[in-house]
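# Structural overview
Each chain is listed here by its residues.
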Amino acid sequence: FRSLEKNDTLFNSITGDWTVPTATQHTSGQAESSSDWIGIGGGCIDSGCTVGDSTLIQTGTEQDVDSTGKASYSAWWELVPAPSITITNMTVAPGDHMHASLAEVVPDSNVWTITLTDVTRNESFSQTVPYTSTHATAEWIEETPLEIGTDAGFASLPNLSNPAFTSGTVNGANANLQASEALDLTDSN
């Protein structure tokens, strides 16, 4: 979980690469969900995390197991607060090398091109959308998603193989992500 906030820097683009992790059941009989994604917005705007960002544009992969332990993998994009949209014409499997990019067509235009490429399979998705962002934070995240509906709350996390993000950039330059700066969130607090 890496969130970048830099002294009033506004982020107009972000890229990141990851290997789709293998998901296996953590608790017998329990459905479990995870996602790996990059995004702009949605992070903490101040160091104490007292001010949050309600905007978030993101794209990534989903790694889930059902209650029987059967794994499933997919790709998606999302413009918060709208629900995520599954990318139906892309095959995603554990071990696939993913490359993702979010970039404003013109800086400060609030028109974004979302690109997600499965480098391993040579499959790519691209969509240009209008979206008003604060541009305040940039993220490279693996998490258990927030589930909406009857059983609302954070999903249970499956066991995952190492998903390290690589090649992160912001505004066209190396983001200089350091392993020592990664956050490990253990619960909703």
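Please read these numbers as outputs of a predicted model, since none were measured by experiment. (Residues numbered from 1 in each chain as written. Predicted model: local features only at pLDDT ≥ 70, side-chain atom pairs only at ≥ 80, totals over all residues. Heavy atoms only, no water.)

Two side chains with opposite charge may pair up if their charged atoms get near one another. Under the criterion given, the structure shown has two salt bridges. Of the charged contacts, one joins Asp-96 and Arg-121 as a salt bridge, the two residues approaching to 2.7 Å between their closest N and O atoms. Here Arg-121 lies in the loop between strand 9 (111-118) and strand 10 (123-130) and Asp-96 lies in the loop between strand 7 (85-86) and strand 8 (97-104), a separation of 25 residues in the sequence. On the basis of relative accessible area, Arg-121 is assigned to the partly exposed category, the value being 36%. Taking the shortest distance from any N to any O, the salt bridge between Arg-121 and Asp-118 comes out at 3.8 Å. Each of Asp-96, Asp-118 and Arg-121 takes part in one network of salt bridges that share partners. (Salt bridge = Lys/Arg side-chain N within 4 Å of Asp/Glu carboxyl O. Helix = DSSP H or I, 4+ residues; strand = E, 2+ residues; numbered from the N terminus. Buried < 20%, exposed > 50% of the residue type's maximum accessible area, 1.4 Å probe, protein only.)

With that settled, consider the pairing of strand 15 (residues 166-170). The pairing of strand 2 (residues 13-19) with strand 15 spans three bridges and is antiparallel. Residue pairing in the sheet places Asp-17 in a bridge with Thr-166 of strand 15. As defined by bridge partners, strand 15 adjoins strand 16 (residues 173-174) across two bridges and the pair is classed as antiparallel. Its bridge partner being in strand 16, Val-170 is matched across the sheet by Ala-173. Hairpin connection, strand 15 to strand 16: the antiparallel pair is bridged by two residues, and Asn-171 has positive phi, about 50 degrees. (Pairing = 2+ DSSP bridges.)

The next thing to look at is the packing of aromatic side chains. Any aromatic ring pair is given by two values, namely how distant the centres are and how the planes are angled relative to each other. Taken as a whole and judged by the stated rule, the model has two aromatic pairs. With centroids separated by 5.5 Å and ring planes inclined at 55 degrees, the aromatic side chains of Trp-18 and Phe-165 adopt a geometry described as tilted. Taken together, the residues span a long stretch of sequence, with Trp-18 in strand 2 and Phe-165 in the loop between strand 14 (159-160) and strand 15 at a distance of 147 residues. Each of the two residues, Trp-18 as well as Phe-165, counts as buried. When the ring of Trp-77 is compared with that of Phe-125, the centres are 6.3 Å apart and the planes differ by 25 degrees; the resulting orientation is stacked. Taken together, the positions of Trp-77 in strand 6 (residues 71-80) and Phe-125 in strand 10 put the pair 48 residues apart, joining distant regions of the chain. By the burial criterion, Trp-77 is buried, and Phe-125 matches it. (Phe/Tyr/Trp six-rings, centres within 6.5 Å; stacked < 30°, edge-to-face > 60°.)

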